[in-house]
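# Structural overview for review
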Amino acid sequence: MRTVLVLALSVSALSACGLRGDLVRPMPLWGDPPLDGPTDPRVIKAAEEAEAAEKERQDAERRAADEARRLEMQRLANPPAPEAAPQ
């Protein structure tokens, strides 16, 4: 009787352990798991890398345009001296 009581108490105590709510399927131990959509960390990382690359490209274009504008302004500010006519 005592064994049955201990067993019943232990089973009822263990039934309260564990996760509550919906169970989530764990990631596989090997191989590439399928993408879970826009909230997948790999999708988010790829989007951030693409955004950083686009920003770097735009910055490089802006720097090149600024340099070309600076050289043009410098050329206009210092026109070449006229050549002297040979005598």
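For the structure given in this document, a descriptive report is provided here. (Residues numbered from 1 in each chain as written. Predicted model: local features only at pLDDT ≥ 70, side-chain atom pairs only at ≥ 80, totals over all residues. Heavy atoms only, no water.)

With that settled, the discussion passes to the overall build of the protein. Regarding its fold elements, the protein presents two helices and zero strands. The buried share of the protein, reckoned over its 87 residues, is 3%. Accessible area of the protein: about 8700 Å², with a carbon and sulfur share of 63%. (Helix = DSSP H or I, 4+ residues; strand = E, 2+ residues; numbered from the N terminus. Buried < 20%, exposed > 50% of the residue type's maximum accessible area, 1.4 Å probe, protein only. Areas by Shrake-Rupley, 256 points an atom, 1.4 Å probe, with all protein chains shown as cover.)

Before going further, it helps to spend a moment on the pattern of salt bridges. Per the stated rule, a full pass over the model turns up nine salt bridges. The partner of K55 in a salt bridge is D59, with the nearest N and O atoms 3.3 Å apart. Of this pair, K55 and D59 both sit in helix 2 (residues 41-77), four residues apart, roughly one helical turn. One salt-bridge network, held together by shared partners, links E54, R57 and E61. (Salt bridge = Lys/Arg side-chain N within 4 Å of Asp/Glu carboxyl O.)

Among the structural elements, D40 can be located in the loop between helix 1 (2-14) and helix 2. When its relative accessible area of 4% is taken as the criterion, D40 is described as buried. Reaching out from D40, the side chain makes a polar contact with the backbone nitrogen of R42 at a distance of 2.8 Å. Leaving out residues up to four positions away in the same chain, D40 has contacts with P34 and L35. (Polar contact = N/O pair within 3.5 Å; in protein donor to acceptor, adjacent residues only side chain to side chain. Contact = heavy atoms within 4.5 Å.)

Residues three or four positions apart in an α-helix share a direction because the helix packs 3.6 residues into each turn. In this model helix 2 runs 53 Å from its N-terminal to its C-terminal C-alpha over 37 residues, within 8% of the 54 Å that 1.5 Å per residue would give. Residue D40 occupies the N-cap position of helix 2, its side-chain oxygen lying 2.8 Å from the main-chain nitrogen of R42. (Expected span 1.5 Å × (residues − 1).)

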